[in-house]
Amino acid sequence: EEAALSYQAATKLPNTPAKTNYWLAITLATIGKYNQALESCSQYQNYAPAYWRSGFWLIDLGKIEEAEFHFNKALEIDKTAVAAMVGLARAWLQQNKPIQAVQILEEIRDRGGKHPYLSYLLGTSYQRVGNFEKAAPLLQEIVKGPPKWDDPWLVEMTTYQRGFAA
């Protein structure tokens, strides 16, 4: 909450970096204020992570079709955005479209994606299409959550946090 208040105050100051609303959005989402986070993030129309993060927040809000739109927008900006591809797979699984999820997750795997979270999603997708033989070994891996996605602005934000805390 305090970090969100700080970012909100910073957005009103002169010479505040344009990324500040994005950092505010991430902070708001961290405390469960997804609607406010979406509003704060909506101004970033050329930054793929802003779209795929919004997509994940929309999934959390149960707005799956809107989330799918955001993941697709992220991929229009950056065709290699694995987070957006994984987000699409999650949206398709929720929409009972496991064949599409399998296709995109296999593409990630074939490009070298090996994180246990990806294996879990692919195993779930295989299970939903009835391919239990392929699903079983993938679902036996221990999963601790999704990987850290590529987001340079978030890296910059955490650098500032460490700097102020030091």
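You'll find the structure just up there.
Report on the accompanying structure. (Residues numbered from 1 in each chain as written. Predicted model: local features only at pLDDT ≥ 70, side-chain atom pairs only at ≥ 80, totals over all residues. Heavy atoms only, no water.)

Taken as a whole and assessed by the stated rule, the structure comprises 5 salt bridges. A salt bridge links lysine 19 to glutamate 156; its shortest N-O distance comes to 2.6 Å. You can see lysine 19 sitting in the loop between helix H1 (2-10) and helix H2 (20-30) and its partner glutamate 156 sitting in helix H10 (residues 152-165), a full 137 residues away along the chain. The exposure class assigned to lysine 19 is partly exposed, which follows from its relative accessible area of 23%. In this structure, glutamate 107 engages arginine 111 in a salt bridge whose closest nitrogen and oxygen atoms are separated by 3.6 Å. Classification of glutamate 107 as partly exposed rests on a relative accessible area of 39%. (Salt bridge = Lys/Arg side-chain N within 4 Å of Asp/Glu carboxyl O. Helix = DSSP H or I, 4+ residues; strand = E, 2+ residues; numbered from the N terminus. Buried < 20%, exposed > 50% of the residue type's maximum accessible area, 1.4 Å probe, protein only.)

This paragraph deals with unusual backbone geometry. The backbone of asparagine 96 shows a phi angle near 60 degrees, a positive value even though the residue is not glycine. If you trace the backbone, asparagine 96 turns up in the loop between helix H6 (82-94) and helix H7 (98-110). Among the residues examined, asparagine 96 registers a relative accessible area of 61% and is labelled exposed.

With that settled, the discussion passes to the nonpolar core. Counting 50 residues, the largest nonpolar core has Tyr22, Trp52, Trp57, Phe71, Val86, Ile104 and Leu105 as the members making the most contacts within it. The greatest single-element share of this core, amounting to 9 residues, is contributed by H6. (Core = buried A, V, L, I, M, F, W, Y, C linked by side-chain atoms within 4.5 Å.)

Between the first and last C-alpha of helix H5 (residues 64-77) there are 20 Å, a value that for 14 residues agrees with the 20 Å anticipated at 1.5 Å per step. By the burial criterion, the buried members of H5 are Ile64, Ala67, Glu68, His70, Phe71, Ala74 and Leu75. Relative to the axis of H5, the buried residues are bounded by an arc of 160 degrees and lie together on one face. In H5, the exposed positions that point more than 90 degrees away from the buried face belong to Glu65 and Glu76. Buried residues belonging to H5 abut helix H4 (48-60) and H6. (Expected span 1.5 Å × (residues − 1). Arc of directions from axis to C-beta. Contact = heavy atoms within 4.5 Å.)

Counted by the stated rule, this structure contains 8 aromatic pairs. For the ring pair tyrosine 44 and tryptophan 153, a centre distance of 5.4 Å and an interplane angle of 80 degrees mean the geometry is edge-to-face. With a gap of 109 residues between them, tyrosine 44 in the loop between helix H3 (34-41) and H4 and tryptophan 153 in helix H10 connect regions that are remote in the sequence. The pair formed by tyrosine 44 and tryptophan 153 is uniform in burial state, with each residue classed as buried. Here the aromatic rings of tyrosine 47 and tryptophan 153 are separated by 3.8 Å at their centres, their planes lie at 15 degrees, and the arrangement is stacked. (Phe/Tyr/Trp six-rings, centres within 6.5 Å; stacked < 30°, edge-to-face > 60°.)

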